[in-house]
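Take a look at the letters that make up each chain.
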Amino acid sequence: MLCRSILPSLLLAYGSNRMAVPLVRRASAQAGWPGQLCFAVELTGSDLVYFTLSGSSQCPAGSDRRPQCFLPAPGRCYSVCIPAATQKSSRVRAARLHRHLEQKLSQGPLGARCKVLGLLSCSPDRAPEKGFLIQDPQPCPETERSLEELFLDQPELLPAPELCVYEAGEHGELWQSLWALRGTGSKEMLRRARVLAVAEPQLHPAVSHLRSVAVFASLEAACGVLEECTSLIPEAKAVLDLVDKCPKHPKKGEFPVIVIEGLDATGKTTVTQSVKDSLNACLLRSPPACVSEWRKTFDDEPTLIRRAFYALGNYIVASEIARESTKTPVIVDRYWHSTAAYAIATEISGKLQNLPQVHHEVYQWPEDLLRPDLVLLLTVSPEERIQRLQGRGLERTREEVALEANSLFRQKYVLIMKIILCLSVSVLSSCCQGENILPVTGEAEICLLIPEVAG
Ligand SMILES: Nc1ncnc2c1ncn2[C@@H]1O[C@H](COP(=O)(O)OP(=O)(O)OP(=O)(O)O)[C@@H](O)[C@H]1O
Ligand SMILES: Nc1ccn([C@H]2C[C@H](O)[C@@H](COP(=O)(O)O)O2)c(=O)n1
């Protein structure tokens with residue numbers, strides 16, 4: 001099968017980074033840290049650069065080159081990580097803090113002076129921590145001061161905000177100093193470590209936590225996230241109330257349920273409308289109309305919350321599908337496939353090979369979600385898609401803008417979609433069938449995918 005040959009085997013345990021580990025754990029972690037840390041920095045264009053830290057001034061051959069994410073002199077770099085949530089209840093706050101800092105770092109003179117790259121720090125004993133690598137090409141004391149003020153202003157950066165400063169040593173080697181910021185201008189250096197380049201690991205660091213932050217395996221998992229948000233986002237309570245009103249295990253009726261999937265502007269609205277008319281079917285969409293007024297709110301939230309919202313939208317649609325499919329055929333514009341594909345493609349940066357292995361649990365259909373009978377994946381060439389988008393001129397989500405700019409993202413979306421669909425189908429025919437439904441301009445492909453288990 002296509003996807004099996006494309007995706008390499010991805011296995012490798014990650015090491016320990018204690019950069020933002022609470023102080024109580026620091027002493028013991030420090031004793032064992034050399035060679036066990038792993039940081040991944042996302043360069044513009046989606047390439048990832050990996051580095052580790054060493055307490056020793058000696059370093060293994062080949063590891064002393066400056067990782068590409070660090071600027072040559074006179075440039076100076078800084079980094080900060082959001083501490084991994086130690087309890088489930090703090091993951092929402094950690095995710096929102098990350099989003100808040102991301103916005104702050106891009107604003108004002110700091111944003112104008114510096115370039116901010118995404119950073120992920122990994123440890124075997126906790127979820128990866130998200131953070132930022134801040135590149136200051138023309139080092140200016142104001143940058144460090146602004147960063148300190150910004151991080152001190154975040155009560156959630158407990159027990160004390162920590163800032164890493166990267167500096168070149170006498171022989172051109174790179175050092176990281178970890179500073180605990182104490183307020184009123186005082187700070188304490190916790191350690192100084194050598195920065196060492198490491199080879200790209202086989203497993204992308206975000207893969208291990210996809211299930212807990214982006215692709216939820218059950219209704220309960222997605223509800224758990226929004227329950228933690230109710231005091232911060234009033235709309236979360238409204239969504240949960242709607243979910244509560246849905247039947248617990250909705251079953252499909254005797255009429256067929258057809259899902260139409262595809263990137264934006266591939267023709268979903270046009271095709272769903274046309275199929276609806278020809279089959280005299282009921283047309284539904286995910287997210288459903290009853291939550292669409294809150295979409296903007298959740299689209300502005302970090303991945304954890306946003307994906308939980310879309311996941312719950314699918315469960316609400318499932319109860320609508322169950323009801324309508326007892327009366328007529330049902331056509332659904334997007335469903336869980338889109339929720340998973342957008343989430344995985346966004347979280348897993350870099351090349352296609354970084355995607356989780358074909359049999360990874362993240363591609364598995366949630367056990368408690370009603371399955372469709374048939375899925376159509378619409379694809380068009382990137383050129384045709386852009387032409388259609390321009391012709392339409394509607395407002396697009398940030399994700400959709402990123403999609404347009406990033407052809408790798410689009411390829412990932414289609415590959416993930418095909419993996420999800422291939423894993424759950426018994427019959428696959430992929431061909432140009434556009435003329436049977438509509439006259440097609442440009443290149444178009446429709447994959448007909450019939451799930452193995454319907455019901
Ligand atoms: N088969 C087709 N041939 C040519 N143009 C088409 C075809 N299908 C749709 N279009 C045009 O492409 C544009 C996008 O179509 P449509 O709105 O159906 O896509 P969509 O997948 O629903 O997009 P979105 O998910 O962003 O709402 C529209 O202007 C539509 O008229
Ligand atoms: N079931 C769904 C439907 C939509 N999304 C997300 C993914 C994109 O950001 C955006 C696309 O929606 P559209 O332009 O088709 O309205 O919404 C999702 O995650 N799950």
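What counts, and where the lines are drawn
- Residues numbered from 1 in each chain as written.
- Chains lettered and ligands numbered in written order.
- Predicted model: local features only at pLDDT ≥ 70, side-chain atom pairs only at ≥ 80, totals over all residues.
- Heavy atoms only, no water.
- UniProt positions renumbered as here; feature names shortened; annotations may be inferred.
- Helix = DSSP H or I, 4+ residues; strand = E, 2+ residues; numbered from the N terminus.
- Buried < 20%, exposed > 50% of the residue type's maximum accessible area, 1.4 Å probe, protein only.
- Contact = heavy atoms within 4.5 Å.
- Areas by Shrake-Rupley, 256 points an atom, 1.4 Å probe, with all protein chains shown as cover.
- pLDDT = per-residue confidence, 0-100.
- Domains from an automatic or database assignment.
- Buried area = accessible area lost by both parts, 1.4 Å probe.
- Salt bridge = Lys/Arg side-chain N within 4 Å of Asp/Glu carboxyl O.
- Nonpolar A, V, L, I, M, F, W, Y, C, P; charged D, E, K, R; others polar.
- Expected span 1.5 Å × (residues − 1).
- Axes fitted to C-alpha atoms, helices over the stretch in contact; angles between N-to-C directions.
- Parallel < 35°, antiparallel > 145°, perpendicular 65-115°, else oblique.
- Left-handed = near helix turned anticlockwise from the far one by under 90°.
- Polar contact = N/O pair within 3.5 Å; in protein donor to acceptor, adjacent residues only side chain to side chain.

- In the nomenclature of an unreviewed UniProt entry, the chain corresponds to UMP-CMP kinase 2, mitochondrial from the organism Sphenodon punctatus.
- Database annotation for the chain, UniProt heading Subcellular location (unreviewed entry): "Mitochondrion".

Re the overall build of the chain
No. 1: Across its full length, the chain carries 17 helices and 14 strands.
No. 2: When each of the 455 residues of the chain is scored for burial, the buried share is 54%.
No. 3: Excluding contacts between residues fewer than 6 apart, the proportion of contacts in the chain whose partners are at least 24 apart in sequence is 73%.
No. 4: For the chain, the exposed surface amounts to about 20200 Å²; the carbon and sulfur share of it is 54%.

Brief notes about the confidence of the model for the chain
No. 1: Looking at the chain as a whole, its pLDDT mean stands at 82, while 80% of the residues score no less than 70.
No. 2: Note on residues 1–35: pLDDT under 50 across the span, and 104 contacts to partners over four residues away in sequence or across chains.
No. 3: Note on residues 426–450: pLDDT is under 50 here. Beyond four places in sequence and across chains, it has 58 contacts.
No. 4: For this predicted complex, the interface confidence score (ipTM) comes to 0.96, while the overall pTM stands at 0.85.

Some words on the domain arrangement of the chain
Where interface size is given, it is often the accessible area lost as the parts come together that is meant.
No. 1: As assigned here, the chain comprises domain 1 (4–9 + 207–429) and domain 2 (24–198).
No. 2: In this complex, domain 1 contributes 21 residues to the contact, which on the side of domain 2 involves 13 residues.
No. 3: When the two sides are added together, the surface that domain 1 and domain 2 hide from each other amounts to roughly 1400 Å², 53% of it contributed by carbon and sulfur.
No. 4: Inspection of the domain 1/domain 2 interface yields three salt bridges.
No. 5: Of all the secondary-structure elements, those providing two or more residues to the side of domain 1 that touches domain 2 are α7 (219–229) and α12 (303–324).
No. 6: Residue composition of the side of domain 1 that touches domain 2, grouped by class: eight nonpolar, eight polar and five charged.

Describing helix α13 (residues 336–347)
Think of an α-helix as turning once every 3.6 residues; residues three or four places apart then point the same way.
No. 1: Helix length check: α13, at twelve residues, gives a terminal C-alpha distance of 17 Å against a target of 16 Å (1.5 Å per residue), a fit within 8%.
No. 2: Counted residue by residue, α13 has eleven buried out of twelve residues, so it is predominantly covered.
No. 3: Among the residues making up α13, those that are buried are Trp336, His337, Ser338, Thr339, Ala340, Ala341, Tyr342, Ala343, Ile344, Ala345 and Glu347.

A short note on the packing of helix α8 (residues 234–245) against α12
No. 1: Between α8 and α12, the least distance of the axes is 10 Å, while the angle of their chain directions is 25°. With respect to α12, the element α8 is oriented roughly parallel. Here α8 and α12 pass one another in a crossing that is left-handed. Contact residues: α8 offers Val239, Leu240, Leu242 and Val243, while α12 offers Phe309, Leu312 and Ile316.
No. 2: Of the residues that constitute the contact of α8 with α12, the class distribution is seven nonpolar, no polar and no charged.

Observations concerning the side chain of Arg91
No. 1: Here Arg91 is to be found in helix α3 (residues 91–105).
No. 2: Its relative accessible area of 15% is what places Arg91 among the buried residues.
No. 3: Polar side-chain contacts of Arg91 include one of 2.9 Å to the side chain of Glu228.
No. 4: Once residues lying within four places of it in the same chain are set aside, the contact partners of Arg91 are Ala85, Ser212, Gly224, Val225, Glu228 and Leu304.

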